[in-house]
Structure formats: C-alpha cells, structure tokens
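# Reading the structure
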Amino acid sequence: MAFESTNPTTGKLLNVYPEHSAQDVDLRLQSAWDGWKKWSRTPLSERTAFLIRLAELLEKRADDYARLITLEMGKPIGEAQGEVKKAAFGARHFAGDGAAYIQPEAIPGTPGRVVYESLGPVLAVMPWNLPFWQVLRFFIPAALVGNTVVVKHAETVQGCALALEALVRDAGGPEGLYVNVSVQRDAVPAMIADGRIRAVTVTGSVAAGRAVAQLAGLHGKKVVLELGGSDPFVVLEDADIGRAVQLGVTSRYSNNAQSCIAAKRFLIAEPVANAFIKAFVEQASALRVGDPLLPATRLGPQARADLLATTERQVAEAVAAGGRVLTGGKSLEGPGYFYPPTVLVDVPHDAPVAREEFFGPVALMFTFKTEEEAIRLANDTEFGLGAAVWSKNAQRANAVAARIEAGAVFINDFVRSDPRAPFGGVKGSGVGRELGALGARELTNAKLIWETA
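All of the points below concern the structure found in this document. The structure displayed is predicted, hence computed values, not measured ones.

Along its length, the protein chain carries 15 helices and 18 strands. Relative to its length of 453 residues, the protein chain is compact, with a C-alpha radius of gyration of 22 Å against a globular reference of 22 Å. With the principal axes as the frame, the protein chain shows a C-alpha extent of 65 × 60 × 40 Å. Going through the 453 residues of the protein chain one by one, you find that 57% of them count as buried. Considering only residue pairs separated by 6 or more positions, the protein chain has 72% of its internal contacts joining residues 24 or more positions apart. Put simply, the protein chain shows about 18,100 Å² of open surface, and 54% of that area lies on carbon and sulfur atoms. When the 47 basic and 49 acidic side-chain charges of the protein chain are each reduced to a single mean position, those positions are 3 Å apart.

Attention now moves to a positive patch on the surface. On the surface, Lys37, Lys38, Arg41 and Arg198 cluster together into a positively charged patch. Relative to the helices and strands, Lys38 is located in helix α1 (residues 22–39).

For the structure on display, the rule yields 30 salt bridges. One salt bridge in this structure joins Arg61 and Asp170, with 3.0 Å as the shortest N-O distance. With Arg61 in the loop between α2 (44–60) and α3 (62–73) and Asp170 in helix α6 (residues 158–170), the pair connects residues that are 109 residues apart, well separated along the chain. When its relative accessible area of 42% is taken as the criterion, Asp170 is described as partly exposed. Residue Arg113 is joined to Glu451 by a salt bridge in which the shortest nitrogen-to-oxygen separation is 3.1 Å.

Definitions and limits used
Residues numbered from 1 in each chain as written. Predicted model: local features only at pLDDT ≥ 70, side-chain atom pairs only at ≥ 80, totals over all residues. Heavy atoms only, no water. Helix = DSSP H or I, 4+ residues; strand = E, 2+ residues; numbered from the N terminus. Rg over C-alpha atoms; globule rule 2.2 N^0.38 Å. Buried < 20%, exposed > 50% of the residue type's maximum accessible area, 1.4 Å probe, protein only. Contact = heavy atoms within 4.5 Å. Areas by Shrake-Rupley, 256 points an atom, 1.4 Å probe, with all protein chains shown as cover. Lys, Arg positive; Asp, Glu negative; His and termini not counted. Charge placed at Lys NZ, Arg CZ, Asp CG, Glu CD. Patch = residues over 30% accessible without salt bridge, like charges linked within 9 Å, V, L, I, M, F, W, Y side chains within 5 Å. Salt bridge = Lys/Arg side-chain N within 4 Å of Asp/Glu carboxyl O.

Structural data, given as structure tokens:
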C-alpha cells in the first residue's frame, strides 16, 4: 500500500510514497538499536555539536522546508517559515543549555547522586499539523541525552517525513540516530512490543494516545503523551480588551486553527462580553483566506477533506443545539478544503459539540457572571492542556490561574510552546513533559548512584 500526499489548497495529488514492509521495519529497528549503542557513548560535546549543525541546516533550508510544509498541510507560508526557525532555535537552545539540564545531581545529606542516562530507541507517533516542529520538539532533547528515535510520521506528510530523516543525516547524525518508518497505524503495536523499543511518545488524538499508552503499559515501557485540547481563554472584566481580542484571534486561527493549544473556548465576563465579541468578530472576519503560499494569507485550508467535513458537522450540530453563527459558518466554494473564520455564540455548555475539540477555524464564545463560574467552566472538559487568563490585576489573574486544571496557564498572553519551558498537559490531554529541563529528563533513566567510601 502507498501513502498519498495531497495539496489541501487544490485537492490535487502531490506525490505517492511506498509503504515499508515488515522486513524494512525490522531492519530499521535494528539500525536504531545498533545506533543507540554507539550514540549513547558519544561524548556530550559531540552531541551538542550535532545540534548546532542541525540548527544551521534548518536556518539555511527554512524557505524550502516551509514550502514543503505548506504544500502538504496548507499552513500559511510565513507561519511555516516560523515553524522551521523555531525548531532551529530549539536545537541551539539545547545545544547551549541542555548539558546543564542533564548534569548529575547530588542528593543533599547523602552519598547519593542521580545521573540521567539514555533509555534507548524511542518510538514516536507524530501528527501532521506541525510536521517539522512537533517531531524536532521531541527529537532534539532525545538526541541530546543519547537516545535514538524511530519516527512513524503522519501518512499525509510523508514528504516532510523523508526530509526530516535526510536533515539529520546531512547534519552529521550517525546511522540509526533518526529512523523513519513509513507504515500504517496497524503496524504500531508490533513496534511497541519489540524489545528494541524502550519508550514511546505520541502527539495526536486522545483515542490514539490512550491506545498506545495501554500497549506501552502492557510491555512496561515509558510513554509520553501530548494529546488534544479545548483550551479556555478567560477574559475577566478588568482585562485589556483590545490586546485580548488581538491575541485571541491569533491563538484561535493560527496554523489554520489546527493546533492543540489554540484558544477554543472563550469565557468572557458579562460586563465586557459585547465589546469583546464585537471586536473579535470584526478581526476574525477580516483575516485573509486563500492560497497559503501567498505571504498575505492568514488562513489557509484545512489539511484534509475529512477534517473539513468534521468542522461542517460540528458547526451544524452547534446550531441545532441553539448556537448562533456571527460570522462564517459555511465552507467556501471552489477547490481545496477551505472553511472561513467562524464565531459561534449561545451554544449550551452541556451540548456534546461544546465538549469536543474543534480542530477547525471556529471560536466558541461563552459568558460568565463570577470568577467561580469562570473557573468551573474552564475546568468543565476532559482536556487540560493550556489556558489563558486575562486581567490587569496580577494577583487576581494568578489566583484564577492556580485553580485551572491545565499543563500551562498564560497570563495576558496566548498559549504556545517554548524550547526553554516544559510543555504538556493533564487529564485527557496527556502525561509527561517535553522541552525545558523536565523535557530533557523525561526520556532518560534517572539512575541513583549511592557511593559509600
């Protein structure tokens, strides 16, 4: 069976990629295993030097990689360039500061210390929506600590998958450091069970993550999950409304509104709700929708036809439940998988669609009377990835943030990942952390050394 890469802007086929056979996969797993035996013993200085070379190539090839990303999944070209450059920044960060994250730590008052050692080959099941950053986000710290990786990338971005494997090789990565496997989902369980895989990481849907976690647990292997999100964007009555609207629109519609950490549920204090929603609708409806290869475009197509169909279904169900469309609400005519910036109000909190993750350009607007109600609504979801709280009163904002169930809360800003800070969620949004010091240590063996004289 082959994988097809389709341009979501036109709906036309870009390329066809062959699937790896079971024998191919076995050879690649062995390559990662053999590579780990060597890479884990490579001096840390050489591993950080590799990351510098990786960053340099990402910066040099940013335009080419961005075009590939845009063609395969439809991200506006400027954002695609930003994605590649962010990965380069991440590589430089871990090359510079990463060594300090994994230095041995003495245990005060004892003869013990903790050393952070590599685990071995890590299987990564990766998504299509940030096809470079989300792979390199996990790979960079994994390589720093001495692990090798086996990457099963999304079926629709196989051009990116091959480009990433070549990137690591071109940066001087040794054989087996980064191994791409072009396989269907049904090949994943056998790889998880394979003794040459020591840990598993997944970025994707809740269902996919839980299925992988169950298998990993069965085989006693560590798992890191970064799953879905329905992030609340809480606007208190003393917020800077103009700034909150501007960044709220950015958060909701960036990456064609196909981001786990995008603001999806806007919870607005009643005294400022009308002003916020009016300004939000004006700015959202003004976003330029069209060919993502054009620099002026701010919203491109959804990545696949089935994703567009899901957005259409969810909006129809929201309206049927009592919701009103203030702007957008209907797919655009013509080729490609385009859906306009859409804003919904009056959707009941208990409607099933209000509890799903909207992975399309739809913003849900809700109002609240009190802080207690805002916190209750923010937490009334199976997800717990990110959240934003807006208030000019820092003490108040921090008090609200402390009670929101999420892996990250941004105050007077929108949620995003940063190589210097830990990233991950709670509840249905996953377990474990990527990035920062915690991310560097996540896929290591924290080994205790107890040395008695």
